[in-house]
Amino acid sequence: MSNPLARLGDTALYVLEDLGWMTNFFFQAILGIFKRPFRFLELLRQIKFIGSGSMVVVFFTALSTGMVLGLQGYYSLNRFGADGFLGSAVSLSIIMELGPVLTALMVAGRAGSAMSAELGIMRISEQIDALQCMAVDPYRYLITPKFLAALISIPLLTALFDVVGIFGGYLAGVSMMGVSPGAYFEGMRSSVTNHDIWLGVVKSFVFAGLVVWICCGRGFFVQQIRGAGFGAESVSRMTTQAVVLSSISVLVFDYLLTAVLL
Amino acid sequence: MSENVIEFINICKSFKRKDGSLQHVLNNISFTIPAGKTTVIAGGSGQGKSVTLKLVLRLLDADSGSILVDGEDITAIRGRKLNQLRTRFGVLFQSSALFDSLTVFENVAMPLRERTKKSEKEIHSQVIEMLARFDLAGHELKYPAQLSGGMKKRVGLARAMMLTPSIMLFDEPTTGLDPVMTGEIYHLFARTQRQYGFTSVIVSHDIPKVFNLADNVILLNHGNVDVFDSPEAIQWSKKTEIQEFVKTTMGEIYQSRNVETETL
């Protein structure tokens, strides 16, 4: 295809086709919740993998982010004699922005890549075909438990991030820099509203959906995606693409949600 | 059940190449697969052998034409009807397609757990019986990665047989096996078919060996199809490309066929 206009049209058609697969994939995964038998044990296994397996990385990311925010915030606010606002600055940044975003990015890197690779390998080794040949719905069997587990785990991990991050800010600001503990917590109490917490919760649910949708979808359609290649190479490429796409989507949707809901 | 269990009527299937052009894999082909017999689908690489099986299972959709299974057109069925169709088939994949994260027992039990309402006790006894039938007793708790190639095929066959299908599809079933194991696997197929009486469709490039099992042969060649009532009938074809195929792949079949079928 040498004509640039034809190439552009072909690419546009392919993008639409890809979006079609992914949209169908999303709704099939949701429909799987209502199909029987429901795989409750698999759901628990996925919660363990996505949720409890990501706790360590989320804990350390939150602690480090909170401590950096505490130090940076202290140096900035102290210039204006406003270090009493440190608790407010740290908690608002973490609850509304950094908690949901960084948790989703960490889960995309750790669990999302693994889910994408697992499904990609199942696809190229004909395991998904085998499920279909046994008249087992692969969406209900493989995807729905992962979707539900992510929707349960990521908001809880975000809550963990918020608590640990605020504690990290306390460690840096109060224990190390000498800000008054009362001022830190009072600043947080007086500035964080229910709306701010609600915004963080909404974001964590949306990001959870994005991460699990994109990561599972890229693995599931590994043989249909243009330029993916074949065999093990296609799985590695799609795993990378899954993490990159889901991370970019989280950042783009973070802006959109903030603009709409703030 | 109709005399012909599967019928392909004017089936076309093409795939889009990277440059946007179409590669016609099956070009208006028609053939029938008789009930209770073993049909071998043969042909060189990329001639559409596995595509043919995937069309029957509706893992792929044909561009045009009809596929009848027991007289029913399956080309447009969906949902529950498609699931009902698929439970009539057992499939042994080229790679065995065992679920890596499940044990041998769990792999074989899966069709019963997912497609029937049997109790765990019933499932357990049925799976143990099936594993014993395929010489897999004592391997229940192993994972696929701990099995040899031949054992994986046997587990795959045991799993495919759990819902007692009326049609068994074998996609390159001996790929990656040594000649001794290949012989053993074909021996097992013949024994299983005698026991269960299903219709077999075998896609294979392992021509001399697999033709010992064949009642009839479908030869795919550059999108076209030639049907033969017996493997021997291929040698009578006047077509140059088929004569070439006979020369390169079937040199010793006629000497070995009678001897080997007696032992199967």
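On a predicted model such as this, the values are computed, not experimentally measured, just so you know.

A word on the sheet that holds strand β2 (residues 22-34) of chain B. Residue and element names in this part refer to chain B. Read across the open sheet, the four strands follow the order β2-β1-β4-β5; overall the sheet is antiparallel. Looking at strand neighbours, the two that pair on one side only are β2 and β5 (72-73), the edges of this open sheet. Sheet topology places strand β1 (residues 4-16) next to β2; nine bridges connect them, and they run antiparallel. Residue pairing for β2: K16 is matched across the bridge by L22. Against the sheet, helix α1 (residues 49-56) makes contact with β1, β2 and β4 (64-69), and its axis sits at roughly 115 degrees relative to β1, the strand it touches most.

Many authors give the size of an interface as the accessible area that is lost as the parts come together. The partner chain A presents twelve residues to the 17 residues of chain B that form the contact. Elements represented by at least two residues in the side of chain B that touches chain A include exactly α2 (79-87), β6 (89-92) and α3 (104-115) of chain B. Of all the elements, α3(B) adds the most residues to the side of chain B that touches chain A, at four residues.

Residues and elements named next belong to chain A. The end-to-end C-alpha distance of helix α9 (residues 231-261), which contains 31 residues, comes to 43 Å, matching closely the 45 Å that a straight helix rising 1.5 Å per residue would cover. Listing the buried residues of α9 in full gives V235, M238, T239, A242, V243, S246 and V250. Buried residues in α9 make contact with α4 (86-124) and α8 (194-220).

Ranked by internal contacts, the top residues of the largest apolar core, which has 127 residues, are A104(A), V107(A) and V211(A). When neighbours within four sequence positions are excluded, V211(A) is seen to be in contact with A104(A), V107(A), A108(A), G112(A), A150(A), S246(A) and V250(A).

Along its 14 residues, helix α4 (residues 120-133) of chain B runs 20 Å from first to last C-alpha, staying within 8% of the 20 Å computed at 1.5 Å per residue. At the exit of α4(B) stands D135(B), carrying a positive phi of roughly 55 degrees.

Next up on the list: the environment of S234(A). Residues and elements named next belong to chain A. By the secondary structure assignment, S234 is in helix α9. We classify S234 as partly exposed; it has 18 C-beta atoms within 10 Å. Along the primary structure S234 and Q223 are separated by eleven residues, whereas in three dimensions their C-alpha atoms are 7.6 Å apart. Every residue in contact with S234, bar those within four places of it in the chain, is listed here: G120, I124, V222, A228 and G229.

The rules behind these values
- Residues numbered from 1 in each chain as written.
- Chains lettered and ligands numbered in written order.
- Predicted model: local features only at pLDDT ≥ 70, side-chain atom pairs only at ≥ 80, totals over all residues.
- Pairing = 2+ DSSP bridges.
- Helix = DSSP H or I, 4+ residues; strand = E, 2+ residues; numbered from the N terminus.
- Contact = placed C-beta atoms within 7 Å.
- Axes fitted to C-alpha atoms, helices over the stretch in contact; angles between N-to-C directions.
- Expected span 1.5 Å × (residues − 1).
- Buried ≥ 20, exposed ≤ 12 C-beta atoms within 10 Å, placed from the backbone.
- Core = buried A, V, L, I, M, F, W, Y, C linked by C-beta atoms within 7 Å.

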